[in-house]
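Results of the structural survey
Spelled out, the chains give:
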Amino acid sequence: MSGTFVGMPSFPEAARAAVGDTTLRANLRHATHTIRDKRARAVAELDDWAALRRAGKEIKDRTLRHLDAYLLQLEEAVTAAGGTVHWAADAAEANRIVTDLVKATGETEVVKVKSMATQEIGLNEHLEAEGIAAYETDLAELIVQLGDDRPSHILVPAIHRNRAEIRDIFLEKMGSWGRPAPEGLSDNPAELAEAARLHLREKFLRAKVGISGANFMVAETGTLVVVESEGNGRMCLTLPETLISVVGIEKVVPTWQDLEVFLQTLPRSSTAERMNPYTSMWTGTADGDGPSAFHLVLLDNGRTDALADEIGRQALRCIRCSACLNVCPVYERAGGHAYGSVYPGPIGAILTPQLRGTTSEIDASLPYASSLCGACYEVCPVAIDIPEVLVHLRERVATEGGKGHRLEKAAVGASTWLLDHPHALAAAERLASATRALHPKRLPGPGAGQWSRHRDLPDVPAEPFRDWWKRNRA
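Bear in mind that the values here come from a model prediction, so they are computed numbers and not experimental data. (Residues numbered from 1 in each chain as written. Predicted model: local features only at pLDDT ≥ 70, side-chain atom pairs only at ≥ 80, totals over all residues. Heavy atoms only, no water.)

1. Some points on helix 9 (residues 163-177)
Relative to the 21 Å expected for 15 residues at 1.5 Å per residue, helix 9 spans 20 Å between its end C-alpha atoms, a close match to the ideal helical length. Approximately 35° is the largest bend angle found in helix 9, and it occurs at Leu-171. Among all positions of helix 9, only Ile-166, Ile-169, Phe-170 and Met-174 are buried. Tucked inside the fold, the buried residues of helix 9 contact helix 8 (139-146) and helix 10 (189-206). Of the residues trailing helix 9, Gly-178 is marked for its positive phi of about 155°. (Helix = DSSP H or I, 4+ residues; strand = E, 2+ residues; numbered from the N terminus. Expected span 1.5 Å × (residues − 1). Bend = angle between axes of the 7 residues up to and from the residue. Buried < 20%, exposed > 50% of the residue type's maximum accessible area, 1.4 Å probe, protein only. Contact = heavy atoms within 4.5 Å.)

Structural data, given as structure tokens:
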């Protein structure tokens, strides 16, 4: 996985600053509560929601068990339909493939429909370094790009911004990226949306290359599917002459019948809608209709490693609905930036460490960014047991002996030796009693110190229990 966000502080340190931002917390609380309440009503409309959830889980599990076969079937179908398939083992290879494809067209700018895979690999930054401008066309992604910001939510990347902040960003930055915002722009949502529409329309009509992700890929026909709510995706997918889609290998589903399940569960779990306003599907190329060249870049970037983990692989079921973020008490208070990844919230806490590994401070801390309350599992439309994976990854981090865990392991080892030697234990107890006046009120170090900040250490008795027993009960 790309190191775009690596180098950030650990989650506790990053979250501490976010929790102190009252505006951020108010924005997050309002947005997440609104979305999750609407979702609950939308889901309650279906009597067979539990059956759909179980079906989604079983389809994903079956696909992951036979992923190699379905990917080859997909490649054959895409090729037969006039597309070209490229395989990318990691972010560097994917960025190189896309850059070469864009350069081959002679163009120096591209329009993009919202794609978490391209954010994952840092494609925009790579294209910019190669002299190619990439324009985000999703409204929330446009806000993030103009504000020189990072996404903080899977579904609503600018969830941390309120209307007044968005207006200021448009007025200050929109002109340097293209058509400026109208003078006197207010923070009325309709005016903000109209300013974005006018700004983006000229880019849609000019662009020769479009870049997308995909929510699903149907193996039996080679069809790709994008669901969205604004229509910008439809413009990116149909107007350019060349379309390049960068998609994680886990997004494949075997058949159209399987797709039916997810087209019911995804919109209700994400936007609380019965169906998405725009569901775009394309299969290869067609004369006189849509792009004349289609390239599919299948991205691994750590997914095969995750697939090899029998417990952790269930994270690859994720359909990016963001329902887990909206019910998570940790995300609601810390926001998405604290996770140091394009995948924030509970799903990011289990997906990112598997894609990137746990060698960096931020990645090693993510499995601990949870209260393990289980709300995320209850709302997941494909029944990912996120708490189970979190505990599994915590065990991995502890076994690898990361920062803090080496000291813990040494302490446990010393305690084990002491408890195995009664005479040494008795001597240690007497020493502790004799020096009780010198004991600190808090434990030293950042980890243990945080634990004892709000907890009183127990007082050591004047004499060890075994000495009292000998004296009174011998």
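From this point, the narrative continues.
2. A word on the side chain of Thr-137
Considering the arrangement of structural elements, one finds Thr-137 in the loop between strand 3 (133-136) and helix 8. Given the relative accessible area of 1%, Thr-137 is considered buried. Of note is the side chain of Thr-137, whose polar atom sits 2.7 Å from the backbone oxygen of Lys-112. Among the polar contacts listed, one links the side chain of Thr-137 to the side chain of Asn-232, at a separation of 3.0 Å. (Polar contact = N/O pair within 3.5 Å; in protein donor to acceptor, adjacent residues only side chain to side chain.)

3. A closer look at the UniProt feature "domain: LUD" (unreviewed entry) in the protein chain
When the UniProt feature table is mapped onto this chain, "domain: LUD" (unreviewed entry) is found at residues 73-287. Strand forms 19% of residues 73-287 and helix 46%; the C-alpha atoms that close the span are 24 Å apart. (UniProt positions renumbered as here; feature names shortened; annotations may be inferred.)

4. Description of the sheet that holds strand 1 (residues 84-88)
The six strands lie next to each other as 1-10-7-4-2-3, forming an open sheet whose pairing is parallel. Every other strand in the sheet has two partners, leaving strand 1 and strand 3 as the edge strands with one partner each. Mean inter-strand twist for the sheet, computed between neighbouring axes without regard to direction, equals 25°. Alignment of strand 1 against strand 10 (residues 293-299), held across five bridges, turns out to be parallel. Across the sheet, Ala-88 pairs through a bridge with Leu-299, a residue of strand 10. Those strands touched by helix 4 (residues 67-80) are strand 1 and strand 10, and its axis lies near 145° from that of strand 1. (Pairing = 2+ DSSP bridges. Axes fitted to C-alpha atoms, helices over the stretch in contact; angles between N-to-C directions.)

5. With respect to the environment of Asp-258
Turning to its location among the elements, Asp-258 is positioned in helix 12 (residues 256-270). Taking the C-alpha atoms as reference points, Asp-258 and Ala-55, separated by 203 residues in sequence, lie 8.7 Å from one another. Ignoring sequence-local partners within four residues, the contact set of Asp-258 consists of Ile-59, Arg-62 and Val-253. Of note is the side chain of Asp-258, whose polar atom sits 3.0 Å from the side chain of Thr-255.

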